[in-house]
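Report on the structure
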Amino acid sequence: MIPAPFEYVAPSSVDEAVQALAAAGEDAKVLAGGQSLLPVLRMRLAAPTTLVDLRKVAELRGVREDGGDLVIGAMTTHYDVQRDPLVAEHAALLKAATDTVADPQVRHRGTFGGAIAHADPAGDLAAPVLAMDASLVIAGPGGRRTVAAADFFQDFFTTALAPDELLVEVRLPKHTGWRAHYEKFTRVAQAWSMVAVAATVRTEGGVIEEARVALTNMGSTPVRAVAVEQALVGASANADVIRAAAAHAADGTSPAADGNSDVEYRQHLARVLTGRALTAAVGA
Amino acid sequence: MRLDHEFTVPAPLEEVWQAVIDPERVAPCMPGAALTKVEGDSFTGTVKVKLGPISLLYKGSGEFLEKDEAARKVVIKAAGKDSRGGGTAAATVTVTLSSTADGGTHGDVASDIAITGRPAQFGRGLISEVGGKLLDTFAGNLAESLRTDSGAGAAPGSAAASAGSGSVSTAPATAAAPATEAAAKGDLAEQSAADSAEAGSSASKPQLRSVPSGGSTGETEAIDLLDYAGQSVAKRLIPVAAGAAVLFVVFMIIRALRRR
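These notes cover the structure that comes with them. All values derive from a computational prediction rather than experimental measurement. (Residues numbered from 1 in each chain as written. Chains lettered and ligands numbered in written order. Predicted model: local features only at pLDDT ≥ 70, side-chain atom pairs only at ≥ 80, totals over all residues.)

Things to note about the overall build of chain A
- Secondary structure summary: chain A contains 12 helices and 14 strands in total.
- Taken over the C-alpha trace, chain A has a radius of gyration of 19 Å; the compact-globule value for 284 residues is 19 Å, and the two agree within 12%.
- In terms of overall dimensions, chain A has C-alpha extents of about 60 × 45 × 30 Å along its principal axes.
- Expressed as a percentage of its 284 residues, the buried residues of chain A come to 52%.
- Considering only contacts within chain A whose residues lie at least 6 apart along the sequence, 64% involve residues at least 24 apart. (Helix = DSSP H or I, 4+ residues; strand = E, 2+ residues; numbered from the N terminus. Rg over C-alpha atoms; globule rule 2.2 N^0.38 Å. Buried ≥ 20, exposed ≤ 12 C-beta atoms within 10 Å, placed from the backbone. Contact = placed C-beta atoms within 7 Å.)

Right, dumping it as structure tokens:
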């Protein structure tokens, strides 16, 4: 199907992009990799007046270090995130999750920032971003602001981004030496996660010093499995501890039901997948 | 899909009743809704729904099927069509009012919603959630407007419209909020021009006529609340229909060839 007509602009800097968005009004949309937006346009589920394409904005691409943070540009493709040595060293969880995103074609076109801004509750990158306590840098007409991941994801497909703002970069505190695993459950290959679990832990001498666990698709936004984290910290990294902790994975969650899974099933999945993710991450 | 909501407002029953049976007071309570015409018990209008990348404009109509003052029950039916042709939404909303012990009014809002078309494809189960949230907002706005002006002038509309386009059906009951206005489906024609602003090209589309499920719809406005919900069923039927059409064509070709 053919999208409804729209204006198209391709600015070459963040400032120009912000100006273009402001000029285009509230029915403009930002185009990153287009892997979610284009299907929506083609189905005519949206008909923006203007598309602001960020592909020429070189400053939005790439991964760099900034003190204790790893800074990932919003337009960095999933493929580049997967292969970046800094990501592998300081954000193993993000790499693990990115490895599971869609298929190679999508990973070459789709962008990290685009996926985060899209905020699909079944998207795989929001949970790691939340688990790692990332900060998101947003540019708008009034300059730049930084929003914590916990405040960024607000609802289904809804974030702290205003219509005239764009996501510039994601700052992940370095989790150097942490082990990580992203456990994803799908009904068929390449499907969206029915439920997925992002887990990363830091162990020392067989004891879990720190743990971060977040769940994908167990609510309208990614959620931290706080009870699981609390049950892990200070305990020794063994199967019994993991089993006991994972039993709390669904605590306080209210996932939506759909044709494939009801609430109870999803909560069961969360517990089982958390156990698997932690087992893989801890190496127990 | 059936949704149930309830609300309580500190306004006398009679006042709330008057508000509920007045489309011009009910419609503004629906997020994104605008009335274009009110004629007696019928109304036409639009409902704009935005969710992340999705932006839909439903145009349609609705009517009050029943206004039972004795029972303090109003039934509103509304149906609408996405202005860009992507689908339909219909709802039947029943609002029942009763007095509370402290002189306030309690309302039960039961909505039956059917949605068809592409929005369902995107849904993955989100539709009912989104619809529930819209209804929650509607019920909240209604209660708020009744609270604010308790006189008859308030804006509360309690009636939710319901749209019933009849298309697909539904889903299991979700819990969420009920108050729905109905989505309307309806004639696009009137409003297509208006939509074009948003969609650009939509204006030129032919108008589609929605078939109300169940009842006759007057021309009313559409309020779409729940645009998204429910389309998955419709979507599933599409391949079936397409398959049947192909079979039919093949059959006709074979028959034509045989005649020679």
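Focus: the sheet that holds strand β4 (residues 63–66) of chain A
Residues and elements named next belong to chain A.
- With antiparallel pairing, the 5 strands of this open sheet are ordered in space as β4-β5-β10-β6-β7. What marks the edges here is a single partner per strand, and that holds for β4 and β7 (143–148). Taken over all neighbouring pairs, the strand axes of this sheet differ in orientation by 25° on average, direction set aside.
- In terms of strand pairing, strand β5 (residues 69–73) meets strand β10 (residues 166–173) through 5 bridges, oriented antiparallel. (Pairing = 2+ DSSP bridges. Axes fitted to C-alpha atoms, helices over the stretch in contact; angles between N-to-C directions.)

Examining helix α11 (residues 239–246) of chain A
Residues and elements named next belong to chain A.
- Residues of α11 that are buried: Ile242, Ala245 and Ala246. Down the axis of α11, the buried set is contained in an arc of 95°. They therefore lie on one face.
- Where α11 is buried, its residues contact α10 (226–232) and α12 (263–282). (Arc of directions from axis to C-beta.)

Re the packing of α11(A) against α12(A)
All names here are of chain A.
- Contact pair α11 / α12: the axes reach a minimum separation of 8 Å and the direction vectors enclose 145°. In this structure, α11 meets α12 at a crossing whose hand is right-handed. Residues Ile242, Arg243, Ala245 and Ala246 of α11 form the contact with α12, whose own contacting residues are Arg271, Thr274, Gly275, Leu278, Thr279 and Val282.
- When the residues that make up the contact of α11 with α12 are grouped by side-chain class, the tally is 5 nonpolar, 3 polar and 2 charged. (Left-handed = near helix turned anticlockwise from the far one by under 90°. Nonpolar A, V, L, I, M, F, W, Y, C, P; charged D, E, K, R; others polar.)

So, the nonpolar core
- Core analysis: the largest hydrophobic core is formed by 144 residues, its most contacted members being A:Val52, A:Leu93, A:Ala198 and A:Leu215.
- Those residues in contact with A:Leu215 that lie beyond four places of it in its chain are A:Ala127, A:Val195, A:Val197, A:Pro222, A:Val223, A:Ala225, A:Ala249, A:Thr253 and A:Ala270. (Core = buried A, V, L, I, M, F, W, Y, C linked by C-beta atoms within 7 Å.)

Section: the pairing of β10(A)
Residue and element names in this part refer to chain A.
- The buried fraction of β10 amounts to 7 of the 8 residues, a majority that puts the element mostly inside the structure.
- Looking at chain direction, strand β6 (residues 135–140) and β10 are connected through 5 bridges and run antiparallel. Looking across to β10, one finds that Ala139 is bridged to Leu166.

Section: the environment of B:Val9
Residue and element names in this part refer to chain B.
- As for its position among the elements, Val9 is in strand β1 (residues 2–9).
- Spatially, the C-alpha atom of Val9 lies 9.3 Å from that of Thr100, the residues being 91 residues apart in sequence.
- Apart from residues no more than four positions distant in its own chain, Val9 is found in contact with Val16, Gly104, Thr105, Ala143, Leu146 and Arg147.

As for α12(A)
All names here are of chain A.
- The terminal C-alpha atoms of α12 lie 28 Å apart, and with 20 residues this matches the ideal 28 Å at 1.5 Å per residue to within 8%.
- Those residues of α12 that sit buried are Arg266, Leu269, Ala270, Arg271, Leu273, Thr274, Gly275, Ala277, Leu278, Ala281 and Val282.
- Those residues of α12 hidden inside the fold are in contact with β11 (179–185), β12 (195–204), β13 (207–216), α10 and α11.
- At the exit of α12 stands Gly283, carrying a positive phi of roughly 75°. (Expected span 1.5 Å × (residues − 1).)

A few points about unusual backbone geometry
Residue and element names in this part refer to chain A.
- Although it is not a glycine, Ala102 adopts a positive phi angle of roughly 45°.
- Secondary-structure assignment places Ala102 in the loop between α5 (92–98) and α6 (104–109).
- Of note, Ala119 is a non-glycine position whose phi angle comes to about 60°, a positive value.
- Structurally, Ala119 can be placed in the loop between α7 (112–118) and α8 (126–131).
- When the 23 C-beta atoms within 10 Å are taken as the criterion, Ala119 is described as buried.

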